[in-house]
Amino acid sequence: MTLPTNPYIAGNPITGTEMFFGREDVFRFVRETLVGRYQDNPIVLYGGRRTGKTSVLYQMDRHLDPRYVPVFVDLQSISLEGLGEMLWGIARQAARALRRQKGIALGIPSRDEFADDPEECFRGGLLDPALQALGDDHLLLMLDEAARLYEQVQAGRLESRVFDLLRSLMQHHPRLNFIFSIGSGLEEMRQEYALLFNVCQYKKISFLDRDAAEALITEPVEEHYRYAPGVVERILEATHGQPYYTQLVCNRLFARWARQGGERVTVSDVDAVLGEAAEQGMASLQYTWEEASDAAKVVLAALAEIMVRGNRPARSGDVRAVIAGQEILLSRGAASRALQELVTREVLRSDNGGYLFTVDLMRLWVQQYQRLEWVKGQI
């Protein structure tokens, strides 16, 4: 017997339309902000890891005026070993997009020519002929994972003048537009990239709204099974509508249903797959953990120890008491700053005077892999 195909995408960006839900507020912001009366505005889409920034960029062409020709550039997939390599990679992707979307064939300079004079090759070999061929249309460069620019500059692999170049392109080419996506650490980037990004308009990408999250949970499986009362709510408690974790839990639920069969999925089925989902989402959860300060790690481990019976609000005094019980020195001020750090990063949220995990999968993962007595020995 052939098993039904699991519709949920647990990991890769959503490139098609079938499994993409919500984000109308983001597309509306881009439509309203990108177009200026005299000059268009560059945009930064920012948010935590796995919140769907890349998926939004993949969907952008379906939500913009046809006069914008979007070019998706994954800065993790092109070489940033020098300005020539970077601009050559962008030029190649732009040339392919122009050929595919508009039938415009451009003969861009060679890789060696870009290495010799990267800025002139980019302007004279790509931008000028592309914009001339487009007429009144606009070329929209969407640079995904823009944090890599700073990382490569810091590592000495990419010239720091890349920021001046991008700023110059924004200012002097009215029909060349930019959307950047940036992960966590935006405040630090604003400082480091001040000369580049202070002319941009910002939009945060975070959790799905309730309607979009419910649609993601229910619509892909309507032909296979129904959810018992409380199931959707339990999934939302576990994921808070975070798109990656929602897809992950639903992916595991579908796999469980495919093995067991039946017409309904119950709350007990959800509870049965949460541990598996936390294990499969380990890379992302580990990344969230590693981004936290030592004090924040202690607070997370203490909260997970308190919440052995479920993700329920815990007060800061209870957190400090648990930490003190392990003889970990953490002042009241340091604990408060750690809690605020975690709330700002949306790892925690405040509720009824206490704190709880925004995504319950994080609590389950911390309980299993980052117990407080272990964290004590690591910091």
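What this report covers is the structure whose coordinates are included nearby.

Brief notes about unusual backbone geometry
Most peptide bonds adopt trans geometry, and most residues besides glycine take a negative phi value. Positioned with a positive phi, R50 is a non-glycine residue whose angle comes to about 65 degrees. Mapped onto the elements, R50 comes out in the loop between β1 (43–46) and α2 (53–59). Given the relative accessible area of 27%, R50 is considered partly exposed. Positive phi, close to 60 degrees, is recorded for E327, a residue that is not glycine. Inspection of the secondary structure assignment puts E327 in the loop between α16 (316–325) and α17 (332–344). A relative accessible area of 68% means that E327 is categorised as exposed.

Quick word on the pairing of strand β9 (residues 354–357)
As defined by bridge partners, strand β8 (residues 348–351) adjoins β9 across 4 bridges and the pair is classed as antiparallel. Along β9, the bridge assignment pairs D351 with G354.

Some points on helix α13 (residues 267–280)
Taking 1.5 Å per residue, 14 residues should reach 20 Å; α13 reaches 20 Å between its end C-alpha atoms and fits that length. The largest bend along α13 reaches roughly 35 degrees and is located at L274. Within the span of α13, buried status applies to D269, V270, V273, L274, A277 and A278. Tucked inside the fold, the buried residues of α13 contact α11 (231–239), α12 (243–260), β7 (264–265), α14 (282–291) and α18 (360–369).

Side note on the packing of aromatic side chains
Enumeration according to the criterion identifies 11 aromatic pairs in this entry. On the numbers, 6.2 Å between centres and 70 degrees between planes, the contact of Y46 with Y202 is edge-to-face. Of this pair, Y46 sits in strand β1 while Y202 sits in strand β5 (residues 201–204), and the two are 156 residues apart along the sequence. On the basis of relative accessibility, which here comes to 21%, the residue Y202 falls in the partly exposed class. Measuring from ring centre to ring centre gives 5.6 Å for F178 and F180, while their planes differ by 5 degrees; the resulting arrangement is stacked. For the pair shown, F178 and F180 are each scored as buried. In this structure an aromatic cluster arises from ring pairing among Y225, Y227, F254 and W257. Stacked on the ring of Y287, the Lys or Arg R49 has its end atom at 4.7 Å from the ring centre. The ring of Y244 is capped by R50, whose NZ or CZ atom sits 4.3 Å from the centre of that ring.

Quick notes on empty space enclosed by the protein
Scanning the entire structure with this criterion turns up 1 cavity of 30 Å³ or more. Residue lining of the largest cavity: 10 residues in total, with D40, P42, M170, L176 and N177 positioned closest to the centre. Among the elements that line the lining of the largest cavity, the one with the most residues is strand β4 (residues 176–182), at 3 residues. A per-class count over the lining of the largest cavity returns 5 nonpolar, 4 polar and 1 charged.

What counts and how
- Residues numbered from 1 in each chain as written.
- Predicted model: local features only at pLDDT ≥ 70, side-chain atom pairs only at ≥ 80, totals over all residues.
- Heavy atoms only, no water.
- Helix = DSSP H or I, 4+ residues; strand = E, 2+ residues; numbered from the N terminus.
- Buried < 20%, exposed > 50% of the residue type's maximum accessible area, 1.4 Å probe, protein only.
- Pairing = 2+ DSSP bridges.
- Expected span 1.5 Å × (residues − 1).
- Bend = angle between axes of the 7 residues up to and from the residue.
- Contact = heavy atoms within 4.5 Å.
- Phe/Tyr/Trp six-rings, centres within 6.5 Å; stacked < 30°, edge-to-face > 60°.
- Lys NZ or Arg CZ within 6 Å of the ring centre and 35° of its normal.
- 1 Å grid on protein atoms, 1.4 Å probe; cavity = no way out; pocket = protein on both sides within 12 Å on 5 of 7 lines; lining within 4 Å.
- Points joined across faces, edges and corners; volume = space filled by probe spheres on them.
- Nonpolar A, V, L, I, M, F, W, Y, C, P; charged D, E, K, R; others polar.

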